[in-house]
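The chain contents come next:
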Amino acid sequence: MTTAPRHTGAAGAPVPVGEAVPAGEPVTADTAARLTGLVRALRGHGLRIGPAETVDAAAVLDVLGFTDRERIRAGLAAALLRSDGQRAVFDATFDLFFPLGVGTPEAVRADPPPVPEDPEPPRFGRPDPLRDDLRDRLAAALAADDRAAQARLAGEVMEAFGRYGAGGTPGSDGWSAQQALGRLSPETLLARILTALRRPGAPTDLSDLVLADEVRRRIRDFRALVTTEARRRVAELRGPERIAERAVAPTADRIDFLYAGRDQLAELRRTVHPLARKLATRLAARRRRAARGHIDLRRTLRRSLTTGGVPLRPAYRLRRPARPELVLLCDVSGSVAGFADFTMLLVQAMSEQFSKVRVFAFVNRTAEVTDLLRSGDDPARLAARILTGAKVTGYHGNSDYGSALGGFADHHLDAVGPRTCVLVLGDARNNHRDPNVDALRRIAGRARRVFWLNPEQPSLWTTGDSAALAYAAVVEMHPCRNARRLGELITRLLPV
Amino acid sequence: MGSDGTTANGTGFFDSVTDAADRLAATGYLASTAVATTVFLADRLGKPLLVEGPAGVGKTELAKALAALGQARLVRLQCYEGIDEARALYEWNHAKQLLRITAGRDEGWEEARGDIFGEEFLLTRPLLTAIRGEEPTVLLIDEMDKADVEVEALLLEVLSDFQVTVPELGTITATRRPFVLLTSNATRELSEALRRRCLFLHLDYPDAELERRIVRLKVPGLDDTLAESLVRIVGALRAMELRKAPSVAETIDWARTLLALGADTLDEAVVRDTLGVVLKHQDDIRKAAQKLTPA
């Protein structure tokens, strides 16, 4: 989009906003390019945004003008987004394409902080007046919960500590939030802020109990500010498209189970209940359709005798409303624990959709953990509870699918019946032991359906110690790398 | 801000974002920047507004506030499982049609047919009522996610073109566009087609500052420091992993309870006795009580 006239949206279609004089500046070629860049980056993150939405967004810019950035953010979000889960991606991408400013933040430029006399990065133990000054001011800003001061400090911190590789070859320099935050270490301010804020004497008012959490949250928000600032500065060097592609975290339902960090897993856990509700309605819809049933020819003909052989009232073969039983067999070893956790919680949240849910966990021995899954206990500590509370390991701590499946087939096969659907979760990385395919065959022989959900992509199934292909020959194996895929598989595969 | 060129399509309630925020506040609805901006845009661009968010953050209240400030008629369609065309759009008054046919015993079929499918025998339901109104109207389609998927298809014509087609009468187009607000608790995914026709607003829990102002506005008798502690504790509860996080409605309920009890600080006993007002699950109450016990 280089020569877009005013009121021209993404696809070159005229924006339906009438002949109004726009509120702020007109939607110029530059803005149109910015907007289409933003839309393209969002599409790259899996958001479905059509030309119609882009045109709406252009109309939004036209109506709002460019006076208030937060209003533009809210307006574009209203036009482009379709669910709340997309918000984090949108915010980060918006910051790249509609940056707060160019170069050093304006507030810092207008009123520059004192320049350190000694620009050398100080070695351990040497006094560092610049750092101390920033920390003092940050502590004050955090204690007062002053957002404006924090935003300004984020700019200053980035300016002072974030730069690396300056003066080197082009392309090797940049801005690092990691480096800046490492120098500043805002976490260590917690105790200081708390002593400043706490009222003397024993706490009478219970809100003081949550003070530490509040301050921690503020520090976390400040870290996010610095990260955003770093992304903005890097985007100036490398262009926003590349940064949007790489440095913006994916939406929760597209987080890869195998590479999710602690925070991302917590984010995933928060999506369990909404997702369970959605899947439940989808299953209910399938069940409704299935319950309609087919024409029962014998009964229709029998009925037609009363109307002289004309089948006026067709009879349907009604299905008994029976819900399937579900058995979950999960590898809970470190490598795939995130995947197993999430799926166990999801299935637990959906438990009313099944007549019975039993959950078994293994590393190299199988144990039933259905009771450990009861809601009410902290879901974040589920993995720890299973590892300590159930006997899932034998003499060593490595995964062994062969003996785990064998153990299940020997001791728990009564859990599986002709109405049971078995889901096996794991990467099938067997540490080169015997895969014991026969045990899986015995389970599959008794169950109604058996599915294997593998968090690895199919191209990895043939590599290393993976026994995936051996198992895939016996049961249906599906790759399942993120929550979105898991949701699709559950609604599609499970019998209703 | 701007001229009137774009208001031809819109409902023309507001002049600017600031105006929207101020007038919403005047009716007792304190709006965040996002809410004020989105409401203004929906008004100006003449698009329906889909509001999603947890229960009790003021989705329905927003529609009521809009109706109050625009001095508009509020037409409400409460969705439920099994709602259909006859409940949402229009229905023919069969009983009256039968009476008309019986009364005009001697006339021909042509006359009778022309007559019984006239305006007189049409029972308008919320969607048609909102479309046909001459006065400013706010159409609230509440809890859209409760309705079946088929109803969404019914809404598409109304939402994109503001018209309703009645086969016997032809197409009825809105002379004055209503301000359309759809709410959803996200218990199921609304179809892409419906979402595409709307502006989207996720109404989340307000930030601490806004919530304090809301409490002060709704429960004016409550002591300021107490209101502040209350909002902070509710904020902390929301940060926990609870089955049902407390919403603004619960915050206000709690504030009213404290006022009624005449409490002046939030000490352990008061919180223990009143936690049931904010949290609705036994598990949550136990978890929160654990958190709020002084070490």
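Residues numbered from 1 in each chain as written. Chains lettered and ligands numbered in written order. Predicted model: local features only at pLDDT ≥ 70, side-chain atom pairs only at ≥ 80, totals over all residues. Heavy atoms only, no water.

## Observations concerning the overall build of chain B
Piece 1. Assigned secondary structure in chain B consists of 14 helices and nine strands.
Piece 2. Each principal axis of the C-alpha distribution contributes one length, and for chain B these read about 90 × 45 × 35 Å.
Piece 3. Buried residues in chain B amount to 51% of all 295 residues.
Piece 4. Contacts in chain B between residues far apart in sequence, at least 24 positions, make up 75% of those at least 6 positions apart.
Piece 5. Of the charged side chains in chain B, 35 are positive and 47 negative; the average position of the first set lies 2 Å away from that of the second. (Helix = DSSP H or I, 4+ residues; strand = E, 2+ residues; numbered from the N terminus. Buried < 20%, exposed > 50% of the residue type's maximum accessible area, 1.4 Å probe, protein only. Contact = heavy atoms within 4.5 Å. Lys, Arg positive; Asp, Glu negative; His and termini not counted. Charge placed at Lys NZ, Arg CZ, Asp CG, Glu CD.)

## Focus: the sheet that holds strand β3 (residues 325–331) of chain A
Residue and element names in this part refer to chain A.
Piece 1. Spatial ordering of the open sheet is given by β5-β4-β3-β6-β7-β8, a layout of six strands whose pairing is mixed. Pairing within the sheet leaves two strands with one partner each, and these edge strands are β5 (366–368) and β8 (476–479). With direction set aside, neighbouring strand axes in the sheet form an average angle of 25°.
Piece 2. Direction of pairing for β3 relative to strand β4 (residues 356–362): parallel, over a ladder of seven bridges. Across the sheet, Val327 pairs through a bridge with Arg358, a residue of β4.
Piece 3. The sheet strands contacting helix α15 (residues 337–349) are β3, β4, β6 (420–425) and β7 (449–454), and the helix crosses β3 at an angle near 160°. (Pairing = 2+ DSSP bridges. Axes fitted to C-alpha atoms, helices over the stretch in contact; angles between N-to-C directions.)

## Here we look at the layout of surface pockets
Empty space among the atoms becomes apparent when a probe as large as a water molecule is rolled across them.
Piece 1. Of the volumes computed, that of the second largest pocket is approximately 720 Å³.
Piece 2. Looking at the second largest pocket, it is lined by 21 residues, and the ones nearest its centre are A:Thr281, A:Ala285, A:Arg288, B:Val149 and B:Arg188.
Piece 3. Mapped onto the lining of the second largest pocket, the elements with two or more residues apiece are α13 (272–292) of chain A together with α8 (149–161) of chain B.
Piece 4. In terms of residue count, the dominant contributor to the lining of the second largest pocket is α13(A) (nine residues).
Piece 5. Along the lines of polarity and charge, the residues of the lining of the second largest pocket split into five nonpolar, three polar and 13 charged. (1 Å grid on protein atoms, 1.4 Å probe; cavity = no way out; pocket = protein on both sides within 12 Å on 5 of 7 lines; lining within 4 Å. Points joined across faces, edges and corners; volume = space filled by probe spheres on them. Nonpolar A, V, L, I, M, F, W, Y, C, P; charged D, E, K, R; others polar.)

## Re helix α9 (residues 190–197) of chain A
Residue and element names in this part refer to chain A.
Piece 1. Residues of α9 that are buried: Leu190, Ile193 and Leu194. Buried residues of α9 fall within an arc of 100° about the axis and therefore sit on the same side. Exposed and oriented more than 90 degrees from the buried face of α9 are Ala191, Thr195 and Ala196.
Piece 2. For α9, the secondary structure elements touched by its buried residues are α6 (129–144) and α10 (211–238). (Arc of directions from axis to C-beta.)

## Notes on the pattern of salt bridges
Piece 1. Taken as a whole and assessed by the stated rule, the structure comprises 48 salt bridges over all chains.
Piece 2. The residue B:Arg23 makes a salt bridge to B:Asp19 at a minimum N-O spacing of 3.3 Å. Placement of the pair is B:Arg23 and B:Asp19 together in helix α1 (residues 17–26), with a separation of four residues, close to one helical turn.
Piece 3. B:Asp224 is the partner of B:Arg216 in a salt bridge, and the nearest nitrogen-oxygen pair spans 3.5 Å.
Piece 4. B:Asp224 gets classed as partly exposed once you look at its relative accessible area, which sits at 44%.
Piece 5. What emerges from the salt-bridge pattern is a single network uniting A:Arg69, A:Glu70, A:Arg73, A:Arg87, A:Asp91 and A:Asp95. (Salt bridge = Lys/Arg side-chain N within 4 Å of Asp/Glu carboxyl O.)

## Topic: the domain arrangement of chain B
Residues and elements named next belong to chain B.
Piece 1. Looking at chain B, the domain boundaries give domain 1 (5–81 + 135–202) and domain 2 (208–291).
Piece 2. Centre-to-centre separation of domain 1 and domain 2, based on C-alpha positions: 31 Å.
Piece 3. In this complex, domain 1 contributes six residues to the contact, which on the side of domain 2 involves nine residues.
Piece 4. Taking both sides of the interface into account, the surface hidden between domain 1 and domain 2 amounts to around 610 Å²; carbon and sulfur atoms contribute 62%.
Piece 5. Between domain 1 and domain 2 we count zero salt bridges in total.
Piece 6. Linking domain 1 with domain 2 are six residue pairs in polar contact (both at pLDDT 80 or more).
Piece 7. Along the lines of polarity and charge, the residues of the side of domain 1 that touches domain 2 split into three nonpolar, three polar and no charged. (Domains from an automatic or database assignment. Buried area = accessible area lost by both parts, 1.4 Å probe. Polar contact = N/O pair within 3.5 Å; in protein donor to acceptor, adjacent residues only side chain to side chain.)

## Thoughts on the side chain of A:Thr36
Residue and element names in this part refer to chain A.
Piece 1. With respect to the helices and strands, Thr36 occurs in helix α1 (residues 29–44).
Piece 2. By relative accessible area, Thr36 is classed as buried at 13%.
Piece 3. Within the structure, the side chain of Thr36 is placed 3.0 Å from the backbone oxygen of Ala33, a separation counted as a polar contact.

## Brief notes about the packing of aromatic side chains
Piece 1. Scanning the entire structure with this criterion turns up 13 aromatic pairs over all chains.
Piece 2. Pairing A:Phe257 with A:Phe342 gives two aromatic rings, centres 5.6 Å apart and planes at 40°, and the pair type is tilted. Of the two residues, A:Phe257 is situated in the loop between α11 (240–247) and α12 (262–270) and A:Phe342 in helix α15; the sequence distance between them amounts to 85 residues.
Piece 3. Grouping aromatic residues by their ring pairs yields a cluster made of A:Phe362, A:Tyr401, A:Trp452 and A:Tyr471.
Piece 4. Positioned above the aromatic ring of A:Trp175 is the side chain of A:Arg233, whose terminal nitrogen or guanidinium carbon lies 4.1 Å from the ring centre.
Piece 5. One residue, B:Lys96, lies across the ring of B:Phe121, its end atom 5.6 Å from the ring centre. (Phe/Tyr/Trp six-rings, centres within 6.5 Å; stacked < 30°, edge-to-face > 60°. Lys NZ or Arg CZ within 6 Å of the ring centre and 35° of its normal.)

## Quick word on the pairing of strand β1 (residues 49–52) of chain B
Consecutive residues of a regular strand have side chains that alternate between opposite faces of the sheet.
Residue and element names in this part refer to chain B.
Piece 1. In β1, alternate side chains face the same way, and those of Leu49 and Val51 on one face and Leu50 and Glu52 on the other are all buried.
Piece 2. When β1 meets strand β8 (residues 179–184), the two strands line up parallel, connected through four bridges. Across the sheet, the residue bridging to Leu50 is Leu182, located in β8.
Piece 3. Judged from the four bridges that link them, β1 and strand β9 (residues 199–202) form a sheet pairing that is parallel. Looking at the pairing, Val51 lines up with Leu201 of β9.

## Quick word on the interface of chain A and chain B
Piece 1. Taken together, the 44 residues of chain A in the interface contact 48 residues of chain B.
Piece 2. Both sides together, the interface formed by chain A and chain B hides about 3,900 Å², and carbon and sulfur atoms give 57% of it.
Piece 3. When the buried surface of chain A facing chain B is broken down by residue, A:Arg71, A:Arg82 and A:Leu206 rank first, second and third, together holding 17% of it.
Piece 4. Where chain A packs against chain B, one counts three salt bridges.
Piece 5. Two residues, B:Arg232 and A:Glu214, come together in a salt bridge whose shortest N-O distance is 3.0 Å.
Piece 6. The tally of links from chain A across to chain B stands at seven residue pairs in polar contact (both at pLDDT 80 or more).
Piece 7. With seven residues, the top contributor of residues to the side of chain A that touches chain B is helix α2 (residues 51–64) of chain A.
Piece 8. When its residues are assigned to classes, the side of chain A that touches chain B shows 20 nonpolar, eight polar and 16 charged.

## What to know about the environment of A:Ile219
Residues and elements named next belong to chain A.
Piece 1. With respect to the helices, strands and loops of the structure, Ile219 is situated in helix α10.
Piece 2. Accessibility expressed as a relative area gives 5% for Ile219, which makes it buried.
Piece 3. Measuring from C-alpha to C-alpha, the distance between Ile219 and Ala139 comes to 9.5 Å, with 80 residues separating the pair along the chain.
Piece 4. Beyond its immediate sequence surroundings of up to four residues, Ile219 is in contact with Leu142, Pro186, Glu187 and Leu190.

## Observations concerning the nonpolar core
Piece 1. Formed by 158 residues in total, the largest nonpolar core has its most connected members in A:Leu76, B:Leu66, B:Ile141, B:Met144 and B:Leu182.
Piece 2. Of the residues forming this core, the biggest block, nine residues, is contributed by α10(A).
Piece 3. Ignoring anything within four residues of it in the chain, the contact list for B:Met144 reads B:Cys79, B:Val151, B:Glu152, B:Leu155, B:Leu182, B:Thr183, B:Ser184, B:Arg188, B:Leu190 and B:Leu194.
Piece 4. If you look at the next biggest cluster of nonpolar residues, it comprises 43 residues, including A:Leu328, A:Leu489, A:Ile490 and A:Leu493. (Core = buried A, V, L, I, M, F, W, Y, C linked by side-chain atoms within 4.5 Å.)

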